[in-house]
Structure formats: C-alpha cells, structure tokens
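# Residue-level structural notes
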Amino acid sequence: MIRLACCVALVLPAGPVGSAPAADSEAPAVAMVLHVEGDVFVQHAQEPARHATVMRMLYAADRLRASADGRVTLVFLGDDHLERVKPNAEATVGKTGCAPADSVEKLRSPGADKPALRTGVRTLQGRRGATAVFRSGDLPKTAPAVTPMFGTTVLSDRPSLTWQAADKATGYRVQLTRAGSYRVLWIVQAAQPHLTYPADQEPLTRGRTYLWRVTAIREEAPEEQVIDSKFSVSTEAEAKEVSDLAAFAKSSDPADIALAALAYQAYGLYGEAMILYERLAGIAPASPELLMTLGAYYDRAGRPADATRAWDRARELGME
C-alpha cells in the first residue's frame, strides 16, 4: 500500500542558450535532474536558458547544454533509467531519452532490482513542474514538532515518541489510540518529553494508523494537552521493499541520495526522506526546487523558522 502524495507547485523561473523547439506547456514532465556538476544550462520552450538544478523537472523538447566541465544526471520517469549528458555536449530531451545518443552516457535503471526506487520515480509521472510531497488535507494549521513526524509512516511496530518540553511540566501522560476507534490502547506516564515504546505493550498492527496525545502535568497549574499527532505503521511488504534503500541512502553519489529520497517520500517515510533532502541541500545549496521541497518538509516537521528560511532562499534563487 503506497501512500501517494499531492504536489507542491514549483513555478520554474527563467534565467541564455539559443532557441529550442517549442514544448507543450501542458504536457507532463518526462525526466528530472538528479545531479549537476559544473555549468549546465537548460532551456524550456522559448524561455531564456537557466542553470540546471537538482529536482528540476524536464519536458519533451527541453534542451540541455553542458560546458567543458559540466555534466548532468537525469532520471526518465517512464522507465526509471538514468542518462548523463557529457561535458561539451548539447542534448534534446525526449520522452524516452536524450538525442543525439552520443551526447549522453546510458546509466543503470536502478529500479530493475530495487522496486522501491522504481516506485519513487514513477510517482512523479504526470507532474508539471513539481515533485510529490505529502498527502493532501491531513496537515493541521500548525504542525507539532514531534517524532514521528505528523502523518508519517514508520517502519517499526514499536516506535519511540518525542515532543517538545512544556513549560513547568513535571511529567507527561501519553495516550495511544487506533485511528477510527474510541478504544485507548494504552496510557503511559513519562518524566521527560520522550517515550520509548512500552515494553509491556503489544507491538502495533502493521498497515494501521494511530493517534497519540500528550498531556503536560503541572504541580500548580491545570493539566494541558500539548500534542495531538498521528502516524501509520508500514506493512510487512512495504518494510521489505524499502529495506533495499539502505545502500542508496548511505551512498556518496548525489544521484543515489536523490533516488532514495524520492522512494522514502513515495512510501510516506517522511522522516527518512527529510534527512536525505537535507544532505542534498548541503551538496546543491543553489537549487530552488530542492529548497522549496525541503521547506515543505520543515513545515510538516513543526519547524516554521527553518521552512521560512528555505523558502526565502529559494525565492532569492529565482523561484516564484
């Protein structure tokens, strides 16, 4: 059961290299930029060219031009194969690959033996200038700063919980309920703003969604509910599929990291995905598309100041 996401619209700004064949502005993207080295320019339709950046979506008839020290790695959404435009080369993006053929190196199709990677890439199909981020309609006005992140999926059926300390709290009462049920599964006291899953409680049922609440206990003030959040537990099949992502997530190759981030995102594993998007932002700090996505994750994680900084920097780089 893959948790498909809604999209956060990213309007791609303009930024110069000859003319390119007109592209259908209503057509979905056919590829996405995974990694850029040196100077590489991309031109969409009749717009001025601009630097290629990580997570930029590409369309049929977009033109790429790499400088003498430039290379760009793309993933094609239809069959998840990778191509790398060579230095000093020009290539036109097609629905199934770049032309001319000698302008690119054909790379592996990572999804051939890693279904989770294929899933991550193919959830981008049908997008027009945006990557998939979150399911729509489930985020509160102010997201709580908690672990697991609000609305995420977790791999463990005995997850630990953390939250921000409440002023003057002498302890906390943590309550767990299955979504759609009024029956409380357990209530546990915690001295600090974190809780290891109670050892005397049964593990959670995979494939289910759970609600958890935290009440702050105070000596001289009324008790106060400080956290109201939720998470889902992955199914056995999902956990098995994403277990293949470890090597990609730990890789030093930015393209591997980007692919793993997309896969975690597709499975609703937002905490794991955010860590990888942060790594990518450290490698490619001038990518407005990446920063917009990272800002959305910070917003979901209850980190509004970090979200604002990421979004402001994206706009400084030309994102509208």
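Before going into details, it helps to say that this report is about the structure given with it. (Residues numbered from 1 in each chain as written. Predicted model: local features only at pLDDT ≥ 70, side-chain atom pairs only at ≥ 80, totals over all residues. Heavy atoms only, no water.)

## So, the nonpolar core
Operational definition: The definition of a nonpolar core used throughout is a set of buried Ala, Val, Leu, Ile, Met, Phe, Trp, Tyr and Cys residues joined through side-chain atoms within 4.5 Å. The buried label applies to any residue whose accessible area, calculated with a 1.4 Å probe on protein chains only, is under 20% of its type's maximum; exposed applies above 50%, and partly exposed to all values in between. The helix count covers DSSP runs of H or I at least four residues long, the strand count covers runs of E at least two residues long, and both are numbered beginning at the N terminus.
Of all hydrophobic cores here, the largest spans 46 residues; its most connected members are Met 32, Leu 34 and Tyr 277. For this core, the secondary structure elements donating two or more residues are β1 (31–37), α1 (115–122), α3 (246–250), α4 (254–266), α5 (270–283), α6 (288–300) and α7 (304–316). If you tally residues by element for this core, the top one is α4, at 10 residues. One finds Leu 161, Trp 186, Leu 195 and Val 214 within the second-largest nonpolar core, a separate group that totals 21 residues.

## Considerations on the sheet that holds strand β3 (residues 50–51)
Selection criterion: Here the rule is simple: two strands pair whenever DSSP picks up at least two bridges between them.
Pairing in this open sheet of five strands is antiparallel, and the strands run β3-β2-β5-β8-β9 from one edge to the other. This sheet does not close on itself; its edge strands, each paired only once, are β3 and β9 (98–99). When strand β5 (residues 63–66) meets strand β8 (residues 90–93), the two strands line up antiparallel, connected through three bridges. Across the sheet, the residue bridging to Leu 64 is Ala 91, located in β8.

## Notes on the environment of Asp 80
Just so we agree on the cut-off: Between two residues, a contact is recorded if the distance between any of their heavy atoms is within 4.5 Å.
Residue placement: Asp 80 occurs in the loop between β6 (71–76) and β7 (82–85). For Asp 80, a relative accessible area of 1% puts it in the buried group. Distance in space between the C-alpha atoms of Asp 80 and Gly 111 is 6.5 Å, their sequence separation being 31 residues. In this view, Asp 80 contacts Val 75, Ser 109, Pro 110, Gly 111, Ala 112, Arg 118, Val 121 and Arg 122; residues no more than four positions away in its chain are not counted.

## As for the packing of aromatic side chains
Put simply, the rule reads: Aromatic contacts are taken between Phe, Tyr and Trp rings whose centres are within 6.5 Å, Trp giving its six-membered ring; a plane angle under 30 degrees counts as stacked, one over 60 as edge-to-face, and the others as tilted.
For the structure on display, the rule yields six aromatic pairs. Judged by centre distance (5.5 Å) and plane angle (75°), the ring pair of Trp 163 and Tyr 172 falls under edge-to-face. The exposure class assigned to Trp 163 is buried, which follows from its relative accessible area of 5%. Here the aromatic rings of Trp 186 and Tyr 197 are separated by 5.6 Å at their centres, their planes lie at 90°, and the arrangement is edge-to-face. Placement of Trp 186 in strand β14 (residues 184–190) and of Tyr 197 in the loop between β15 (194–195) and β16 (209–217) is noted, with a sequence separation of 11 residues between them. The exposure class assigned to Trp 186 is buried, which follows from its relative accessible area of 6%. Chaining the aromatic ring pairs together yields one cluster made of Trp 163, Tyr 172 and Trp 212.

## Digging into the pairing of β5
Of the two faces of β5, the one lined by Leu 64 and Ala 66 is fully buried and the one lined by Arg 63 and Arg 65 carries no buried residue. Where strand β2 (residues 40–43) meets β5, four bridges bridge the pair, whose relative direction is antiparallel. From the neighbouring strand, Val 40 faces β5, where its bridge partner is Ala 66.

## Looking at the pattern of salt bridges
As a reminder, the rule being used: Put simply, a salt bridge is a Lys or Arg side-chain nitrogen that is within 4 Å of an Asp or Glu carboxyl oxygen.
Overall, the coordinates contain 18 salt bridges when judged by the stated rule. As a salt-bridge pair, Arg 50 and Glu 289 come within 4.0 Å of each other at their nearest N and O atoms. Here Arg 50 is found in strand β3, whereas its partner Glu 289 is found in helix α6, with 239 residues between them in sequence. Across the pair, exposure class does not vary: Arg 50 and Glu 289 are buried alike. Across the salt bridge formed by Asp 256 and Arg 108, the nearest N and O atoms sit 2.3 Å from each other. Placement of the pair is Asp 256 in helix α4 and Arg 108 in the loop between β10 (104–106) and α1, with a sequence separation of 148 residues. Overall, Arg 108 belongs to the partly exposed group, its relative accessible area being 37%. Sharing partners across several salt bridges, the network here consists of Glu 37, Arg 71, Arg 84 and Glu 105.

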